[in-house]
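Letter by letter, the chains look like this.
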Amino acid sequence: MDLTNIIKQLQDEKNAKNIQPPYVTFGEIMDKVREGVKADLNGLVKEGTIEFHRTLNDISFNIKK
């Protein structure tokens, strides 16, 4: 995951929408990182590399043996 690319993408989006100043907040970066991690985890589950389990308050993962 390249954080500089994420920041550039978010900044470019703000520039395209003429949002000034085009600063990217920590929250915006974290939202984008979460999206990427979620997509990666979903891909690993779909390909069968990992399993997920619903817990009382969360979701857990383990590597399939």
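What you see is a predicted model; the values in this text were computed from it and never measured. Sequence order sets the numbering: in each chain, residues are counted from 1 along the sequence as written. Two thresholds apply to this predicted model, a pLDDT of at least 70 for residue-level local features and 80 or more for giving and counting side-chain atom pairs, whereas whole-chain, interface and lining totals are computed over all residues. Processing note: side-chain calculations cover all non-hydrogen atoms of the structure and skip hydrogens and water entirely.

1. So, the overall build of the chain
So, point 1. Summing up its helical and strand segments, the chain has 2 helices and 2 strands in all.
So, point 2. The secondary structure listing takes helices from DSSP runs of H or I that are at least 4 residues long and strands from runs of E that are at least 2 residues long, numbered from the N terminus. Its helices and strands in sequence order give the chain the pattern α-α-β-β, from N to C terminus.
So, point 3. Along the first, second and third principal axes, the C-alpha set of the chain runs to 50 × 25 × 15 Å.
So, point 4. Throughout, exposure labels follow a simple rule: accessible area from a 1.4 Å probe, protein chains only, divided by the maximum for the residue type, with under 20% read as buried, over 50% as exposed, and the rest as partly exposed. Looking at the chain as a whole, 12% of its 65 residues are labelled buried.
So, point 5. Intrachain contacts of the chain at a sequence separation of at least 6 include 14% that bridge at least 24 residues.
So, point 6. In these tables, accessible area is a Shrake-Rupley quantity obtained with a 1.4 Å probe, and a residue counts as shielded only by the protein chains included in the view. Entry remark: accessible area of the chain is about 5,400 Å², with carbon and sulfur atoms responsible for 56%. Here, two residues are considered to be in contact whenever any of their heavy atoms come within 4.5 Å of each other.

2. Observations concerning a nonpolar patch on the surface
So, point 1. What goes into a patch is any residue over 30% in relative accessible area without a salt bridge, connected to like charges within 9 Å or, for nonpolar side chains (Val, Leu, Ile, Met, Phe, Trp, Tyr), within 5 Å. We count a salt bridge whenever a side-chain nitrogen from Lys or Arg sits within 4 Å of a carboxyl oxygen from Asp or Glu. Residues F52, I59 and F61 make up a contiguous nonpolar surface patch of about 260 Å² in total accessible area.
So, point 2. Mapped onto the secondary structure, F52 falls in strand β1 (residues 50-54).

3. Concerning the layout of surface pockets
So, point 1. Space inside and on the surface of the protein is sampled on a 1 Å grid over the protein atoms alone, with a cavity defined as a set of points where a 1.4 Å probe fits but cannot get out and a pocket as an open set with protein on both sides within 12 Å along at least 5 of 7 lines; lining residues have an atom within 4 Å of a point. Grid points are joined across faces, edges and corners, and a volume is the space filled by probe spheres set on the points. Counted as a void, the largest pocket has a volume near 190 Å³.
So, point 2. The wall of the largest pocket is formed by K38, L41, N42, V45, K46, F52, R54, I59 and F61.
So, point 3. Secondary structure elements with two or more residues in the lining of the largest pocket: α2 (26-47), β1 and β2 (59-63).
So, point 4. Examining the composition of the lining of the largest pocket, we find that 5 residues originate from one element, α2, more than from any other.
So, point 5. We call Asp, Glu, Lys and Arg charged. Ala, Val, Leu, Ile, Met, Phe, Trp, Tyr, Cys and Pro are nonpolar, and the rest, Gly among them, are polar. Considered class by class, the residues forming the lining of the largest pocket number 5 nonpolar, 1 polar and 3 charged.

4. What about the environment of G43?
So, point 1. Structurally, the position occupied by G43 is in helix α2.
So, point 2. Relative accessible area serves as the criterion here: at 32%, G43 is assigned to the partly exposed category.
So, point 3. C-alpha separation for the pair G43 and K14, spaced 29 residues apart in sequence, amounts to 29 Å.

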